Amino acid sequence: MCFGTFDLLHLGHLNYFKQAKTYGDYLVVVLARDKTKQEQQKEMVFTEEERLELIKNLKLVDEAVLGYYHDFLKIVQKHQPQVICLGYDHQINESELAEKLTASGLNPIIKRMEPYHVQKHKSTLLKEKILKFN
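If you're wondering where the values come from, they're calculated on a predicted model, not measured in any experiment.

(A) Representation of the overall build of the chain. Within the chain, the secondary structure is distributed over six helices and five strands. When burial is assessed residue by residue, the chain has 38% of its 134 residues classed as buried. Long-range pairs, those at least 24 residues apart, make up 71% of the contacts in the chain between residues at least 6 apart in sequence. Roughly 8500 Å² of accessible area belongs to the chain as shown, and the carbon and sulfur atoms make up 51% of that amount.

(B) Quick look at the environment of K74. Residue position: K74 is located in helix α4 (residues 72-79). Overall, K74 belongs to the partly exposed group, its relative accessible area being 40%. In the structure, K74 is positioned 30 residues away from S104 in sequence and 9.5 Å away in space, judged by C-alpha atoms.

(C) Broad picture of the pairing of strand β2 (residues 28-31). Here β2 shows no split at all, with V28 and V30 on one side and V29 and L31 on the other all buried. Each parallel crossover has a hand, and the one from strand β1 (residues 2-4) via helix α1 (residues 11-21) to β2 is right-handed.

About the thresholds
Residues numbered from 1 in each chain as written. Predicted model: local features only at pLDDT ≥ 70, side-chain atom pairs only at ≥ 80, totals over all residues. Heavy atoms only, no water. Helix = DSSP H or I, 4+ residues; strand = E, 2+ residues; numbered from the N terminus. Buried < 20%, exposed > 50% of the residue type's maximum accessible area, 1.4 Å probe, protein only. Contact = heavy atoms within 4.5 Å. Areas by Shrake-Rupley, 256 points an atom, 1.4 Å probe, with all protein chains shown as cover. Right-handed = clockwise from strand over helix to strand, strands pointing away.

Here it is as structure tokens:
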């Protein structure tokens with residue numbers, strides 16, 4: 001299982017999915033909700049439904065789902081993954097996540113994925129480039 005916003009899908013996202021897929025034979029991708037991104041004051045290009053449709057249609061992804069607003073553990077409890085893969089820039093601390101999971105009766109392995117050409121394939125950089133064209 002891996003998590004993210006996946007707005008402006010790019011090669012860095014695909015690399016993240018490829019890395020995650022090496023840890024199992026079934027990949028569930030959880031997308032952040034629009035409401036969560038709004039609270040974080042993050043400007044989005046695509047809605048959660050549009051992002052979900054894009055991710056669902058990738059060959060690497062076996063299942064794409066929307067996360068739960070204000071309770072990311074709920075989706076983990078629902079799917080019971082053996083491995084949770086975090087993006088290289090995911091803000092959560094692995095030890096804190098492991099404690100929260102254990103407190104909820106969950107014990108997946110937690111893996112941090114490697115970055116992929118962050119100078120070129122990073123959503124914030126791509127959005128900046130797009131905005132320059134307007």
